Amino acid sequence: MLKTTSIKVRDKKIKSLLSDHIFAYRHFENMYIILLKMNRDDFNLLSDYGVMRAVLRDNEGGKKSEEVKLIQDKFQYDELFKQLKEHSKDLKIHNLVMIMRRVKGDYKRFFTNLKAKVKSSPPSAKKLALLSNYSIPIDVNAWSLRKKNQVGLNLGQKMFYTHIYFDRLKNIVGEIDNIQSIVVKYSNKEIYLQIAYKPLESKIKTRKTKKAAGLDIGINNLATLFVDDKTTQSLIVDGSQYKHYNSKFNRFNAKLNKSIADNVLEFKDVTRNDKTTKYASKWNNRGKQLKSYKTYLIEKRNQYFKNEFHKVSKRLSEYCLINNVTDLYISRNLTFAKSDKKGTKLGKSTQNFIQIPFGRMLDYLQYKLEELGVRVHEVDEAYTSKTSCINADVKRVQKKQQANKAVSTNDFNASRVKRGLLKDNISNVVFNADLNGAVNHIKVATNKKFKWLINYMDKLNNPVKIKSDYEFNNLLLNSVSNKAILSELRLQRCIL
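Rules and cut-offs
Residues numbered from 1 in each chain as written. Predicted model: local features only at pLDDT ≥ 70, side-chain atom pairs only at ≥ 80, totals over all residues. Heavy atoms only, no water. Helix = DSSP H or I, 4+ residues; strand = E, 2+ residues; numbered from the N terminus. Buried < 20%, exposed > 50% of the residue type's maximum accessible area, 1.4 Å probe, protein only. Contact = heavy atoms within 4.5 Å. Areas by Shrake-Rupley, 256 points an atom, 1.4 Å probe, with all protein chains shown as cover. Arc of directions from axis to C-beta. Polar contact = N/O pair within 3.5 Å; in protein donor to acceptor, adjacent residues only side chain to side chain. Pairing = 2+ DSSP bridges. Axes fitted to C-alpha atoms, helices over the stretch in contact; angles between N-to-C directions. Phe/Tyr/Trp six-rings, centres within 6.5 Å; stacked < 30°, edge-to-face > 60°. Salt bridge = Lys/Arg side-chain N within 4 Å of Asp/Glu carboxyl O.

**Points about the overall build of the protein**
Then, in step 1: Scanning the protein from N- to C-terminus turns up 17 helices and 18 strands.
Then, in step 2: Along the first, second and third principal axes, the C-alpha set of the protein runs to 80 × 60 × 50 Å.
Then, in step 3: Looking at the protein as a whole, 45% of its 496 residues are labelled buried.
Then, in step 4: Long-range pairs, those at least 24 residues apart, make up 69% of the contacts in the protein between residues at least 6 apart in sequence.
Then, in step 5: When the accessible surface of the protein is summed, it comes to about 28000 Å², and 49% of that surface belongs to carbon and sulfur atoms.

In structure tokens, the structure reads:
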């Protein structure tokens, strides 16, 4: 499995040049998507990038010469087709083939979803004025790392170079020869080079004895980890800093939106489904500056969560390695939460859960764990936080719910004392609700019994709460044996 790393382009001249090419490629993709939609009868030919490559460069097409001639004859008077050909002349054909392959892949997924009766939409053209995220896959013939400390990119007629520190890059990818591909990514007016590379082979020995762990995610407690043994301390990663960061961003963004609205010069009426809506179409200089500043803040927020969640996932995977975990059970149910399309107003906690990218953190954690030989399993988390992990069967509760049978509070054998605390009504003990959910994740997947926990309540009552990456690292390095394992691991760059 390839890994990726991103390098931000800071050279203003190169950044401007890349930005121009990004919009040119997006414009080509827009025209290509529209051409496919308007000519469905010729979809197979127009989506054949071998044929289209020859057509765009006025070549005979070799083995596909008949198909090429057919397209050329049929579309010789088509204005959109003429514009597509003319626009493509200034762009690298190898990269255009990659773009066409991506569009075809998007259509394949759309057709597959249609057959499976899964709600989906086909690729669509995007307004260049609203472009916030886009990437150009660079063909292997269109990038070069032959010059020392320089990466060469060919997006048009010739190769141009931008500076990059090879020594720093080698610290991440190992050898330069490990690099497999480069993608130019545009994100909220910032440009990154995404470099995919082969990671070094892990020397971590696979563990024969199975040991499970359960992970519960949330807002106040970002990650709650329970390891299925009698000695390993349970763990909670504090999520309040991320919640407060997101809330602060929302408050400031609301004020910024109001200021932008106050600086609108013109509005435009747009009618859709017999309903006319006013949209801002022109701003004064102050409004343009605020819009640009808002874009900067959104990108800053995205990078903040990316960096922080990479750190958290790295530490969690190291904690699992040190404690010989072989199987981790997680739930993604709540990471798929989206804003209500029916117009229902969302509460502050719901907004935080939707906006904070928990799914991305779980993706980071999954690939880091798989590199270490730890298997990751997804489970259904329904009723896992309500049902006692000591004296109730959460699997039975879920089956009742799936069979449309009434689920009563007696099935849970538990009740909430207050936020974050759950009481087992049979054993009359109180413990952490998030740890209860983490244990139940294991129970859902394995049907294991955890009545032994009544004699080891420290596992549920006394977790270590981590508030920073510094604290987490110190916890991991609290013994000589741990230091040896982690130093070897980090030296191998299995987790970066």
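Resuming the write-up.
**Section: helix α5 (residues 79-88)**
Then, in step 1: Turning to α5, its buried residues are L80, F81, L84, K85 and S88. End-on, the buried residues of α5 take up no more than an arc of 135°, which puts them together on one face.
Then, in step 2: In this structure, the buried side of α5 is in contact with α1 (12-38), α3 (49-56), α4 (65-74) and α6 (93-115).
Then, in step 3: By the N-cap criterion, in which a side-chain oxygen at the helix start approaches the backbone nitrogen of a residue two or three places on, α5 is capped by D78, the distance to L80 being 3.0 Å.

**Description of the sheet that holds strand β17 (residues 429-432)**
Then, in step 1: Across the sheet, three strands lie side by side as β15-β16-β17; this open sheet has antiparallel pairing. On the outer flanks of this sheet lie β15 (414-418) and β17, each paired with one strand and no other. Ignoring which end each strand starts from, the neighbouring axes of this sheet average 35° apart.
Then, in step 2: Across four bridges, the pairing between strand β16 (residues 421-424) and β17 is antiparallel. Among the inter-strand pairings, K423 is bridged to a residue of β17, identified as V430.
Then, in step 3: Across the face of the sheet, helix α14 (residues 433-446) comes into contact with β15, β16 and β17 while running at roughly 80° to β17.

**Quick word on the pairing of β15**
Then, in step 1: Pairing analysis gives four bridges linking β15 to β16, with the strands arranged antiparallel. Its bridge partner being in β16, A414 is matched across the sheet by D424.
Then, in step 2: Joining the antiparallel neighbours β15 and β16 is a turn of two residues, in which G420 adopts a positive phi near 95°.

**Points about the pairing of strand β8 (residues 212-217)**
Then, in step 1: Taking burial as the measure, the six residues of β8 include six buried ones, the bulk of the element.
Then, in step 2: Neither face of β8 is open: one carries A212, G214 and D216, the other A213, L215 and I217, and all of them are buried.
Then, in step 3: Relative to strand β13 (residues 327-330), β8 is paired through three bridges, and the arrangement is parallel. Paired with A213 across the bridge in β13 is L328.

**Digging into the packing of aromatic side chains**
Then, in step 1: One pass over the full model with this rule turns up 19 aromatic pairs.
Then, in step 2: Here F226 and F450 contribute two aromatic rings whose centre-to-centre distance is 6.0 Å and whose plane-to-plane angle is 75°, an arrangement assigned as edge-to-face. Remark: F450 occurs in the loop between α14 and α15 (458-461) and F226 occurs in strand β9 (residues 221-227); sequence separation between them is 224 residues.
Then, in step 3: When its relative accessible area of 0% is taken as the criterion, F226 is described as buried.
Then, in step 4: We classify F450 as buried; its relative accessible area is 0%.
Then, in step 5: Centre to centre, the rings of F305 and F309 are 5.6 Å apart; their planes meet at 50°, and the pair counts as tilted. With F305 and F309 both in helix α9 (residues 285-322) and four residues apart, this pair spans about one turn of that helix. Exposure class is identical for F305 and F309. Each is buried.

**Focus on the side chain of T387**
Then, in step 1: Position of T387 among the secondary structure elements: in the loop between β14 (375-378) and α12 (394-402).
Then, in step 2: Judged by relative accessible area, T387 falls into the buried class, the value being 0%.
Then, in step 3: A polar contact of 2.8 Å, which involves the side chain of T387, links it to the backbone oxygen of Y383.
Then, in step 4: Beyond its immediate stretch of four places on either side in the chain, T387 contacts A392, D393, V394, V397, D411, F412, L422, N436 and N440.

**Quick notes on the sheet that holds strand β2 (residues 133-138)**
Then, in step 1: If you walk across this open sheet you meet the four strands as β1-β7-β6-β2, and the pairing is antiparallel. At either end of the open sheet lies a strand with only one pairing partner, and these are β1 (3-8) and β2. Strand-to-strand, the axes of this sheet are offset by a mean angle of 25°, without reference to chain direction.
Then, in step 2: Where β1 and strand β7 (residues 190-197) come together, six bridges link them in antiparallel fashion. In the sheet register, T5 faces β7, and the bridge partner there is I195.
Then, in step 3: Strands β2, β6 (179-187) and β7 of the sheet are contacted by α1, whose axis makes an angle of about 95° with β2.

**A short note on the pattern of salt bridges**
Then, in step 1: The final tally for this structure, using the stated rule, is 24 salt bridges.
Then, in step 2: For E318, the salt bridge identified is with R315, shortest N-O distance 3.4 Å. Of this pair, E318 and R315 both sit in helix α9, separated by three residues, roughly a single helical turn.
Then, in step 3: By relative accessible area, E318 is classed as buried at 0%.
Then, in step 4: The class for R315 is buried, based on a relative accessible area of 9%.
Then, in step 5: Connected via shared salt-bridge partners are K8, K15 and E190.

**Quick look at the side chain of N323**
Then, in step 1: Topologically, N323 is positioned in the loop between α9 and β13.
Then, in step 2: A distance of 3.5 Å separates polar atoms of two side chains, one belonging to N323 and the other to T232.
Then, in step 3: A distance of 2.9 Å separates the side chain of N323 from the backbone oxygen of Y319, its partner in a polar contact.
Then, in step 4: Setting aside chain neighbours within four positions, we find N323 in contact with K211 and T232.

None of this, on its own, says anything about what the molecule does.
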